[in-house]
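One-letter residues, chain by chain:
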Amino acid sequence: MKTAIQIEVRPTEIDVMGHVNNAKYLEYMEWSREDWYNRAGLPFDLLSEQNVGTVTVNININYRKEARLGQKLTVSTEPIRKGRTSFVLKHEIVNEREELVADAEVISCTIDLKERKAVPLPDALAQCFA
């Protein structure tokens, strides 16, 4: 399942170069991931009831085109592969002209919230990669 959110670039997200600061793209992707979890029926509360959390362990991001103040961006998230305890979500950020602004693969791991150690993906999460 691929999901998408829309955002408008705000003044606080602009750096001295006059475009979106590189770290803000990670926030945009985080907001989109949270939306994906919720739409997939996997909100934080549901996972934590199972004593499971997800943690980001690697992000590989490509900055393709600058985004500027006031632009409307679409941030998409989709599952692309899973392992035993980890999974990869792909993000793309496009501007109003459908130009690719940034893309990334984010690797996350599922952990036992008490032990803080990796555990196998819960079935509900693993099924999102079928």
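This text gives an overview of the structure that appears in the document. (Residues numbered from 1 in each chain as written. Predicted model: local features only at pLDDT ≥ 70, side-chain atom pairs only at ≥ 80, totals over all residues. Heavy atoms only, no water.)

1. Quick look at a nonpolar patch on the surface
A contiguous nonpolar patch, built from Leu26, Ile59 and Tyr63 and spanning about 250 Å² of accessible area, is present on the exposed surface. By the element assignment, Tyr63 lies in strand β2 (residues 52–63). When its relative accessible area of 43% is taken as the criterion, Tyr63 is described as partly exposed. (Patch = residues over 30% accessible without salt bridge, like charges linked within 9 Å, V, L, I, M, F, W, Y side chains within 5 Å. Areas by Shrake-Rupley, 256 points an atom, 1.4 Å probe, with all protein chains shown as cover. Salt bridge = Lys/Arg side-chain N within 4 Å of Asp/Glu carboxyl O. Helix = DSSP H or I, 4+ residues; strand = E, 2+ residues; numbered from the N terminus. Buried < 20%, exposed > 50% of the residue type's maximum accessible area, 1.4 Å probe, protein only.)

2. Remarks on the packing of aromatic side chains
Tallied over the full model, the rule gives six aromatic pairs. On the numbers, 5.9 Å between centres and 75° between planes, the contact of Tyr25 with Tyr28 is edge-to-face. In this pair, Tyr25 and Tyr28 are both assigned in helix α1 (residues 22–39), three residues apart and thus about one turn of the helix distant. Grouping residues by exposure puts Tyr25 and Tyr28 together as buried. Summarising the aromatic geometry, the rings of Trp36 and Tyr37 are spaced 5.5 Å apart at their centres and angled 70° between planes, so their arrangement reads as edge-to-face. For Trp36, a relative accessible area of 0% corresponds to the buried category. (Phe/Tyr/Trp six-rings, centres within 6.5 Å; stacked < 30°, edge-to-face > 60°.)

3. Focus: the nonpolar core
Counting residues in hydrophobic clusters, the biggest one holds 15 residues, and the most contacted among them are Tyr25, Tyr28, Met29, Ala67, Leu73, Val75 and Ile93. Among the secondary structure elements, those contributing two or more residues to this core are β1 (3–8), α1, β3 (72–82) and β5 (100–112). With residues near it in sequence (within four places) discarded, Leu73 still touches Ile5, Gln6, Ile7, Val9, Tyr28, Ala67, Ile93, Val94, Asn95 and Val101. Leu47, Leu89, Leu125 and Phe129 belong to the second largest nonpolar core, which has 11 residues in total. (Core = buried A, V, L, I, M, F, W, Y, C linked by side-chain atoms within 4.5 Å. Contact = heavy atoms within 4.5 Å.)

4. Some remarks on the sheet that holds β2
As a general point, the strands of a sheet are linked pairwise by backbone hydrogen bonds and lie either parallel or antiparallel. Pairing is antiparallel across the open sheet formed by five strands, whose spatial order is β1-β3-β4-β5-β2. Two strands close off the open sheet at either side, each with one partner strand: β1 and β2. Neighbour-to-neighbour, the strand axes of the sheet open up by a mean angle of 25°, direction not taken into account. Taken together, the eight bridges between β3 and strand β4 (residues 86–94) define a ladder with antiparallel strand orientation. When the sheet's bridge partners are listed, Val75 is paired in β4 with Ile93. Strands in contact with α1 are β1, β2, β3, β4 and β5; relative to β1, the strand with the most contacts, it is inclined by about 140°. (Pairing = 2+ DSSP bridges. Axes fitted to C-alpha atoms, helices over the stretch in contact; angles between N-to-C directions.)

5. Digging into the side chain of His19
Within the secondary structure layout, His19 lies in the loop between β1 and α1. At a separation of 2.8 Å, a polar atom in the side chain of His19 contacts the side chain of Glu66. Setting aside anything within four residues of it in sequence, one finds His19 in contact with Glu13, Ile14, Glu66, Ala67 and Arg68. (Polar contact = N/O pair within 3.5 Å; in protein donor to acceptor, adjacent residues only side chain to side chain.)

6. Looking at the state of the cysteines
On inspection of all chains with the given rule, the structure shows zero disulfides. Counting only cysteine sulfurs, Cys128 is the nearest neighbor of Cys109, a cysteine outside any disulfide, at a range of 16 Å. (Disulfide = S-S within 2.5 Å.)

7. Remarks on the pattern of salt bridges
Overall, the coordinates contain nine salt bridges when judged by the stated rule. The salt bridge partner of Glu8 is Lys72, with a shortest N-O separation of 3.5 Å. Residue Glu8 is found in strand β1, and its partner Lys72 is found in strand β3; the two are separated by 64 residues along the sequence. On the basis of relative accessible area, Glu8 is assigned to the partly exposed category, the value being 44%.

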